[in-house]
Amino acid sequence: MRAVRQWVKGFILVTGIVGIAPRAVAQQARSSDPLLEPLEARVDDLDQKIRILQRLRELAADSSAAAAKDKVTPTASAKDGFSLKSADGKYMLRFRGYFQSDGRFFPSSDVVPNVDNLLIRRARPILEATVGRHFDFRLMPDFGGTSPTIFDAYWDGKFVPQFTVRAGKFKPPIGLERLQSATDIAFAERGLPTNLVPSRDVGLQVAGDISEGLFAYQIGVFNGVPDLANGGDDLSNAKDFAARIFVQPFKVGSLRGLGVGIAGSTGFERGSATAPGLPSYRTPGQQTLFRYNSSSVTPANNVYADGKRTRLSPQGYYYTGPLGLLGEYVLSRSEVTRAGATAELEHTAWQAEGSFFLTGEKAGFRSPAPKRPFDLKEGGLGALELVGRYGELDLDPAAFPVYASSASSVQKAKAWGVGVNWHFTRAVKVAVNYERTTFTGGAPALSGANGATGDREPENAVITRFQTSF
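Residues numbered from 1 in each chain as written. Predicted model: local features only at pLDDT ≥ 70, side-chain atom pairs only at ≥ 80, totals over all residues. Heavy atoms only, no water.

Participant: Can you walk me through the overall build of the protein in this structure?
Facilitator: Across its full length, the protein carries four helices and 21 strands. Counting the 470 residues in the protein, one finds 43% classified as buried. Considering only contacts within the protein whose residues lie at least 6 apart along the sequence, 62% involve residues at least 24 apart. Accessible area for the protein stands at about 23,900 Å²; split by element, carbon and sulfur atoms hold 62% of it. (Helix = DSSP H or I, 4+ residues; strand = E, 2+ residues; numbered from the N terminus. Buried < 20%, exposed > 50% of the residue type's maximum accessible area, 1.4 Å probe, protein only. Contact = heavy atoms within 4.5 Å. Areas by Shrake-Rupley, 256 points an atom, 1.4 Å probe, with all protein chains shown as cover.)

Take a look at the structure:
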């Protein structure tokens, strides 16, 4: 009996240490032998401490996981700029931007003297944020020119690639070259067709990208702005509807870089003699070539938008290896009024543009990164790109002379240009362009010409650009 009793005591002691003895058995053992009570108390105390340590370890592990989840990682790259990003990727703050310092020179411009000029063409800091993975925000002001201007300020809801929502101020989906970033265009200035599409407008748009670019669409409603305008407040209750579809039908083979599409807009614009709601058009050298008649002395005779406005733009590009081709056609039709007389005017423009990388980079709608970025120590010289284009702009003959003056506005412009772009790195580019534009009309009547108008002197423009983007 005594041996049995000692065996029970040993069993209770061992099971208490490893934490598996039932508490009832331990209590019974303590009550049966007072000598075991201090030892059992120490075992219970040790067990409690072990449990506390285990819980603290669990809490520490949970805290470490939460800290890793909420950790913010700073990054920087030429493609994405400077950013702060949470570990789970749901929250991100990006600071990007670009700066362009230009020179415009007009050799052989005697009859219509243009001012040679050094200027800040664009200075645009960009703030972007991602909140909760699916929601983005972008703000882009421009400090180039005479006064700061907001170009982009919009909200994005990126739910799935096939369906996204954008609201705010951004580019309406019409002109192909207009949809290119100013840092990626082949020439320092966009071609003549861009005159006939809006720059920015306030609106709401849904868009989607199906099968990684095989089919893309955009549909939106906008306040409605004149051609080439950077819109803000609306002039009337009427709105513009814009849409674009773009397909890249070949995902493999030699035609995989082919993309074609069509875009357009329609709406009504009700201007007034004091707020005409009409555009003026520019040459590649950014000189005015066409404007509607207006006068501060007799505003009642000013021309203003008064009716339906429609735009249509078939467009496309083809990129294969170092070769890139881009083409587009734009038609802009609008109803205008002057002193009770109304007309529907139709202006058209088109261009064909080509580029070729001498250093073998793969051409694309976005500028590629040089294979060997400029680095004197490593021997890299960057990427060298040759560019060329030809385009025409036709103004409706019915605009003259009631709605536009033949003595100051041209009836037709033809422009051809060549240039070279030196991409030092993905973030740094230097460009030199030469563009010659000839005109039909646009000059005052010559002496003894019986009221006929002459042709404006051709514009010869040399444009240089020093660009940094990140």
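Participant: Where do I start with the pairing of strand β8 (residues 201–210) in this structure?
Facilitator: One face of the sheet, then the other: side chains in a regular strand alternate in exactly this way. As paired elements, strand β7 (residues 163–170) and β8 share seven bridges and run antiparallel to each other. When the sheet's bridge partners are listed, Thr164 is paired in β8 with Ala207. In terms of strand pairing, β8 meets strand β9 (residues 215–222) through eight bridges, oriented antiparallel. In the sheet register, Ala207 faces β9, and the bridge partner there is Gln218. Where β8 folds back on β9, the antiparallel hairpin that results is connected by four residues, among which Ser211 adopts a positive phi of roughly 55 degrees. (Pairing = 2+ DSSP bridges.)

Participant: Would you mind going over the packing of aromatic side chains with me for this structure?
Facilitator: Two aromatic rings, taken as a pair, are described by how far apart their centres are and by the angle between their planes. Within the structure shown, the criterion is met by 19 aromatic pairs. Ring geometry for Tyr281 against Phe290: centres 5.7 Å apart, planes inclined by 20 degrees, an arrangement best described as stacked. The pair formed by Tyr281 and Phe290 is uniform in burial state, with each residue classed as buried. An aromatic cluster of at least three residues, connected via ring pairs, comprises Phe135, Trp155, Phe159 and Phe163. When the ring centre of Phe170 is taken as reference, the NZ or CZ atom of Arg166 above it lies at 5.7 Å. The lysine or arginine in question, Arg456, covers the ring of Phe439, its NZ or CZ lying 5.4 Å from the ring centre. (Phe/Tyr/Trp six-rings, centres within 6.5 Å; stacked < 30°, edge-to-face > 60°. Lys NZ or Arg CZ within 6 Å of the ring centre and 35° of its normal.)

Participant: What exactly am I supposed to notice about the environment of Lys412 here?
Facilitator: Checked against the element boundaries, Lys412 lands in strand β18 (residues 410–423). Sequence-wise, Lys412 and Leu395 are 17 residues apart; in three dimensions their C-alpha atoms are separated by 6.0 Å. Not counting chain neighbours up to four residues away, the residues in contact with Lys412 comprise Glu392, Leu393, Asp394, Leu395, Thr438, Phe439 and Thr440. At a separation of 3.2 Å, a polar atom in the side chain of Lys412 contacts the side chain of Glu392. (Polar contact = N/O pair within 3.5 Å; in protein donor to acceptor, adjacent residues only side chain to side chain.)

Participant: Looking at this structure, how should I read the environment of Ala413?
Facilitator: Relative to the elements of secondary structure, Ala413 occurs in strand β18. Exposure remark for Ala413: the relative accessible area of 0% places this residue in the buried category. Along the primary structure Ala413 and Ala349 are separated by 64 residues, whereas in three dimensions their C-alpha atoms are 9.2 Å apart.

Participant: Would you take a moment to explain unusual backbone geometry for this structure?
Facilitator: One can expect most non-glycine residues to show negative phi and most peptide bonds to be in trans. Of note, the bond from Phe400 into Pro401 is cis; its omega dihedral lies within 30 degrees of zero at -5 degrees. When you line up the elements, Pro401 lands in the loop between β17 (383–394) and β18. Even without being glycine, Ser211 reaches a positive phi, approximately 55 degrees. Within the element layout of this structure, Ser211 appears in the loop between β8 and β9. The exposure class assigned to Ser211 is partly exposed, which follows from its relative accessible area of 44%.

Participant: Is there a simple way to explain the pairing of strand β11 (residues 258–270) in this structure?
Facilitator: As paired strands, strand β10 (residues 240–247) and β11 are joined by eight bridges and run antiparallel to one another. Bridge pairing in β11 links Arg244 to Ala263.

Participant: Would you mind showing me how to read a nonpolar patch on the surface here?
Facilitator: Together, Leu323, Leu325, Phe356, Leu358, Phe374, Leu376, Leu381, Leu384, Leu386, Val420, Trp422 and Val432 line one region of the surface with nonpolar side chains, adding up to about 1,000 Å² of accessible area. Contributions of two or more residues to the nonpolar patch are made by β15 (323–338), β17 and β18. As for its position among the elements, Val420 is in strand β18. What makes Val420 partly exposed here is its relative accessible area of 31%. (Patch = residues over 30% accessible without salt bridge, like charges linked within 9 Å, V, L, I, M, F, W, Y side chains within 5 Å. Salt bridge = Lys/Arg side-chain N within 4 Å of Asp/Glu carboxyl O.)

Participant: Explanation requested: the side chain of Arg122 in the structure shown.
Facilitator: Among the structural elements, Arg122 can be located in strand β4 (residues 117–131). Here Arg122 occupies a buried position and makes no salt bridge, while the nearest side chain of opposite charge, Glu189, is found at 4.5 Å. Within polar-contact distance, the side chain of Arg122 engages the side chain of Gln100 at 2.7 Å. Excluding residues within four positions of it along the chain, Arg122 makes contact with Tyr98, Phe99, Gln100, Asp142, Ala182, Ala188, Arg190 and Arg465. (Lys, Arg positive; Asp, Glu negative; His and termini not counted.)

Participant: When you look at the pattern of salt bridges in this model, what are you seeing that I'm missing?
Facilitator: Proximity of charged atoms lets side chains of opposite charge pair with each other. Applying the stated criterion to the full structure yields 24 salt bridges. With a closest N to O distance of 3.7 Å, Arg389 and Glu177 form a salt bridge. Taken together, the residues Arg389 in strand β17 and Glu177 in helix α4 (residues 176–179) connect sequence positions 212 residues apart. Classification of Glu177 as buried rests on a relative accessible area of 0%.

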